[in-house]
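Spelled out from the first residue to the last, the chains are:
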Amino acid sequence: LDPTERHQGMMLSLATESIVKLAALLGIGIFVCYSLYDGLEDLFSTAQLHQQAHPVIERMAAALPSELWVSLLLLSATNFILLPRQFHVAVIENHNPNHIKTAQWMLPLYLLAITMFVVPIALASLMSGLPASEADVFVLLLPLWSNNLSLAFFVFIGGFSAAMGMIMVSAMTLSTMITNNLILPFIERYKVCLVI
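Residues numbered from 1 in each chain as written. Predicted model: local features only at pLDDT ≥ 70, side-chain atom pairs only at ≥ 80, totals over all residues. Heavy atoms only, no water.

Asks: Can you tell me about the nonpolar core, naming the residues and giving the values?
Replies: Of all hydrophobic cores here, the largest spans 20 residues; its most connected members are Ile-28, Val-32, Leu-43, Ile-121, Ala-124 and Met-127. Put simply, the parts of the chain that give this core at least two residues each are helix 1 (8-36), helix 2 (40-50), helix 3 (55-61), helix 7 (118-127), helix 8 (138-145) and helix 9 (149-190). It is helix 7 that provides the largest number of residues to this core, a total of five residues. Sequence-distant contacts of Ile-121, defined by excluding residues within four places in its chain, comprise Leu-25, Ile-28, Gly-29, Val-32, Phe-138, Val-139 and Leu-142. Grouped together as the second largest cluster of nonpolar side chains are five residues, Met-11, Leu-14, Val-169 and Met-172 included. (Core = buried A, V, L, I, M, F, W, Y, C linked by side-chain atoms within 4.5 Å. Buried < 20%, exposed > 50% of the residue type's maximum accessible area, 1.4 Å probe, protein only. Helix = DSSP H or I, 4+ residues; strand = E, 2+ residues; numbered from the N terminus. Contact = heavy atoms within 4.5 Å.)

Rendered as structure tokens:
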């Protein structure tokens, strides 16, 4: 019934989930760049050779129009304000306004770190012959394809923890919103008596 109730244990588990997810993505990115290839330069030069043969890599190499960049930036910015998960974590669970100052530099740094190896992973997966239709699971298929089961298991744990974090916050946020904005006003308006 209290929309400002804070859940410090859940915030701790979300922070842990974020670290595990980041470690898994950095692990697969380092594996791709320095185990499958001899660094980023080797990966990108090999991708240039495959550019003509693979239409998806050719599309990745093409520059996006500036209108699309502006649209993507606006859409991403509104996600932080309008999605229940981001709003709940940034506003409801924030018990100290000074945390916003930390988030101003830490969030962009985290986003940079978590997306740093997305393009190298996608290129290595496409050049390995994995179909573009399975791009959602490239991070899992690539270590399996290269027979690195321990890394595949670690990446699976990172993906599982990310999914659990999304489910936890979304379920709690939506249940609070539904209770406070739909069920309670209905009970108040129609004086419904609930028998428990």
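Asks: Go over the packing of aromatic side chains, please, and point to the residues and values.
Replies: On inspection of all chains with the given rule, the structure shows two aromatic pairs. Measuring from centroid to centroid gives 6.2 Å for Phe-156 and Phe-160, while their planes differ by 25°, and the two rings are stacked. Here the residue Phe-156 and the residue Phe-160 both occupy positions in helix 9, the gap between them amounting to four residues, near one helical turn. (Phe/Tyr/Trp six-rings, centres within 6.5 Å; stacked < 30°, edge-to-face > 60°.)

Asks: How would you summarise unusual backbone geometry if you had to cite specific residues and measurements?
Replies: Of note, Asn-147 is a non-glycine position whose phi angle comes to about 65°, a positive value. Following the sequence through the fold, Asn-147 ends up in the loop between helix 8 and helix 9. Residue Asn-147 is classed as exposed on the basis of its relative accessible area, which comes to 62%.

Asks: Lay out the pattern of salt bridges in plain terms, naming residues and giving numbers.
Replies: Here the structure, examined in full by the defined rule, presents one salt bridge. Two residues, Glu-17 and Lys-21, come together in a salt bridge whose shortest N-O distance is 3.3 Å. Separated by four residues within a single helix, Glu-17 and Lys-21 lie in helix 1, roughly one turn from each other. (Salt bridge = Lys/Arg side-chain N within 4 Å of Asp/Glu carboxyl O.)

Asks: Residues and numbers for the packing of helix 1 against helix 7, please.
Replies: At a minimum axis distance of 9 Å, the contact between helix 1 and helix 7 shows a crossing angle of 55°. Compared by their axis directions, helix 1 and helix 7 come out oblique. Of the two possible hands of crossing, helix 1 and helix 7 adopt the one that is left-handed. Contact residues: helix 1 offers Leu-25, Ile-28, Gly-29, Val-32 and Cys-33, while helix 7 offers Pro-120, Ile-121 and Ala-124. (Axes fitted to C-alpha atoms, helices over the stretch in contact; angles between N-to-C directions. Parallel < 35°, antiparallel > 145°, perpendicular 65-115°, else oblique. Left-handed = near helix turned anticlockwise from the far one by under 90°.)

Asks: Which residues make up a nonpolar patch on the surface, and what are the values?
Replies: On the surface, a nonpolar cluster with roughly 540 Å² of combined accessible area is contributed by Ile-30, Tyr-34, Leu-40, Phe-44, Val-118 and Val-119. Positionally, Ile-30 belongs in helix 1. On the basis of relative accessibility, which here comes to 44%, the residue Ile-30 falls in the partly exposed class. (Patch = residues over 30% accessible without salt bridge, like charges linked within 9 Å, V, L, I, M, F, W, Y side chains within 5 Å. Areas by Shrake-Rupley, 256 points an atom, 1.4 Å probe, with all protein chains shown as cover.)

Asks: Mind laying out the packing of helix 1 against helix 8, listing which residues take part and the relevant values?
Replies: Put simply, helix 1 and helix 8 touch, their axes get as near as 11 Å, and they point 45° apart. Looking at the two axes, helix 1 sits oblique to helix 8. In this structure, helix 1 meets helix 8 at a crossing whose hand is left-handed. Facing Leu-25, Ile-28, Phe-31, Val-32 and Leu-36 of helix 1, the residues of helix 8 in contact are Val-139, Leu-142 and Pro-143. Broken down by class, the residue content of the contact of helix 1 with helix 8 amounts to eight nonpolar, no polar and no charged. (Nonpolar A, V, L, I, M, F, W, Y, C, P; charged D, E, K, R; others polar.)

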